[in-house]
Amino acid sequence: MNVTTNQTTNATTNEPRTLRAAVVQAGAVQFDRDAGTEKAVRLIGEAAATGAKLVVFPEAFIGGYPKGLDFGLVVGARDPQGREEFRLYHEAAIEVPGPQVARLAEAAGEHGVHVVIGVIEREGGTCYCTVLFLGPDGTLQGKHRKLMPTALERMIWGFGDGSTLTVVDSPWGRIGSVICWENYMPMMRMAMYAKGVALYCAPTADDRDTWLPSMQHVALEGRCFVLSACQFVRRGDFPDALRVRLQHLGEDADAVLMRGGSAIVSPLGQVLAGPHFGSETLLTADLDLADITRGKFDFDAVGHYARPDVFQLQVNEAPTAAVVRRG
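The following refers to the structure shown. Because the structure is a prediction, the values reported are computed rather than measured. Here the residue index of a chain counts from 1 through its sequence in written order. The predicted nature of this model means local features are confined to residues of pLDDT at least 70 and side-chain atom pairs, given and counted, to a pLDDT of 80 or more, with totals for whole chains, interfaces and linings taken over all residues. Hydrogen atoms and water are omitted, and side-chain values are computed over all heavy atoms in the structure.

**Section: the layout of surface pockets**
Piece 1. A pocket here means an open set of points on a 1 Å grid, computed over the protein atoms alone, that has protein on both sides within 12 Å along at least five of seven lines. A cavity is instead a set of points where a 1.4 Å probe fits but cannot get out; residues with an atom within 4 Å of a point line either one. Grid points are joined across faces, edges and corners, and a volume is the space filled by probe spheres set on the points. Volume-wise, the largest pocket comes out at about 430 Å³.
Piece 2. Lining the largest pocket are 18 residues, with Tyr65, Lys67, Thr150, Glu153 and Ala205 positioned closest to its centre.
Piece 3. A per-class count over the lining of the largest pocket returns 11 nonpolar, two polar and five charged.
Piece 4. Lining the second largest pocket we find 15 residues, and of these Met190, Val302, Phe311, Gln312 and Leu313 sit closest to its centre.
Piece 5. Residues that form the lining of the second largest pocket fall into these classes: 11 nonpolar, one polar and three charged. Residue type decides the class: Asp, Glu, Lys and Arg count as charged, Ala, Val, Leu, Ile, Met, Phe, Trp, Tyr, Cys and Pro as nonpolar, and the leftover types, Gly among them, as polar.

**So, the nonpolar core**
Piece 1. Among the nonpolar cores identified, the biggest contains 49 residues, and Leu54, Leu199, Leu227 and Leu287 are the most heavily contacted of them.
Piece 2. The residues touching Leu199, leaving out its near neighbours within four places in the chain, are Leu19, Leu54, Ser170, Trp172, Gly173, Arg174, Ile175, Gly176, Phe225, Leu227, Leu287 and Leu289.
Piece 3. Definition of nonpolar core: a set of buried residues of the types Ala, Val, Leu, Ile, Met, Phe, Trp, Tyr and Cys, connected through side-chain atoms within 4.5 Å. For every residue, the accessible area (1.4 Å probe, protein chains only) is compared with the maximum for its type, and the residue is labelled buried under 20%, exposed over 50%, or partly exposed between those bounds. Ala40, Ala52, Val101 and Ile117 belong to the second largest nonpolar core, which has 27 residues in total. Contact between two residues is taken to exist if any of their heavy atoms lie within 4.5 Å; hydrogens are not considered.

**Things to note about the packing of aromatic side chains**
Piece 1. Stacked, edge-to-face and tilted labels apply to pairs of Phe, Tyr and Trp rings (six-membered ring for Trp) whose centres lie within 6.5 Å, assigned for plane angles under 30 degrees, over 60, and everything in between, in that order. Inspection of the entire model under this criterion finds nine aromatic pairs.
Piece 2. Plain terms: the ring middles of Phe57 and Phe61 are 5.1 Å apart, the flat faces sit at 50 degrees to each other, and that makes the pair tilted. Phe61 carries the same exposure label as Phe57, and that label is buried.
Piece 3. A ring pair is formed by Tyr184 and Trp211, whose centres lie 5.8 Å apart and whose planes are at 90 degrees; its orientation type is edge-to-face. One end of the pair, Tyr184, is in the loop between β7 (174-177) and α4 (186-194); the other, Trp211, is in helix α5 (residues 211-222), with 27 residues separating them in the sequence.
Piece 4. Relative accessible area serves as the criterion here: at 2%, Trp211 is assigned to the buried category.
Piece 5. Three or more aromatic residues link up through ring pairs in this structure, and these residues are Phe31, Phe71, Tyr89 and Phe238.
Piece 6. Between the NZ or CZ atom of Arg145 and the centre of the ring of Tyr128, over which it lies, the distance is 3.8 Å. Under the DSSP-based scheme used, a helix requires at least four consecutive residues in state H or I and a strand at least two consecutive residues in state E, with every element numbered from the N terminus. Working rule: Lys NZ or Arg CZ, within 6 Å of ring centre, within 35 degrees of ring normal, means a charge sits over the ring.

**Remarks on the side chain of His114**
Piece 1. Within the secondary structure, His114 is located in strand β3 (residues 114-123).
Piece 2. Residue classification places His114 among the buried residues on the basis of a relative accessible area of 5%.

Encoded structure:
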């Protein structure tokens, strides 16, 4: 949806009261980090041209989400071709910081927008499903590594730790990100609500009908705006050398592997844009930030609706390295 009003300010505080936000629904350039980065740069420009000041991309947009690949894995065995597929995937991952990050940050700065984008990050021999926060000043403001990869993702991605439960400040409130099925971790959500997240970004690879009501629940529970971005991907988007093993699709290159479903939801659960299925698209909505406080009138999960005398959550935000050098 595209609307006409871009921004108003609170007459008392002179702070921005409305924000135009954009959610990008597009497919990664699979296993090609440089081409994927250039596609993201182009889409940042297109989103900024609508007047958006916050642009949210899907999970694993740089590097790719390997939907339908099993990397030759069975319990107790691997195969040589799967090892080569992983090598290609690792090669397509980016380092943070690195040249691709610098290029994305430059684009955010050029257009004066906040960008939240899913990437495949590599450190040493391990890949991580990561979200980058890029600022309108052209800098990398922080990152979040997915804490709990889902199912077979655990064989290709490492685990993040509490040190990247990142939120960044903006004129419209704090921006945070929870990736895909991390959104089904109640304690993870509670930790983010406690950080005062106003703009809750949910990059995902979940294109099922059940995802939208989950996002509405998060918005209602957190009394925050939820911006969820999913890819639109066809089988033919993957290089021919990779084994896409979703048997029900046959060999049809036009078969849809991921159908989208991106959406923007208000703090009271109203769907402001989307969900959109079946093609790449750009969703926009104007967000009235005062709706957050209006929503917390009758529910604040970490405030007046909490019972810390009965329930308390402890969060370990210390980095956890495999090797710690002392002396």
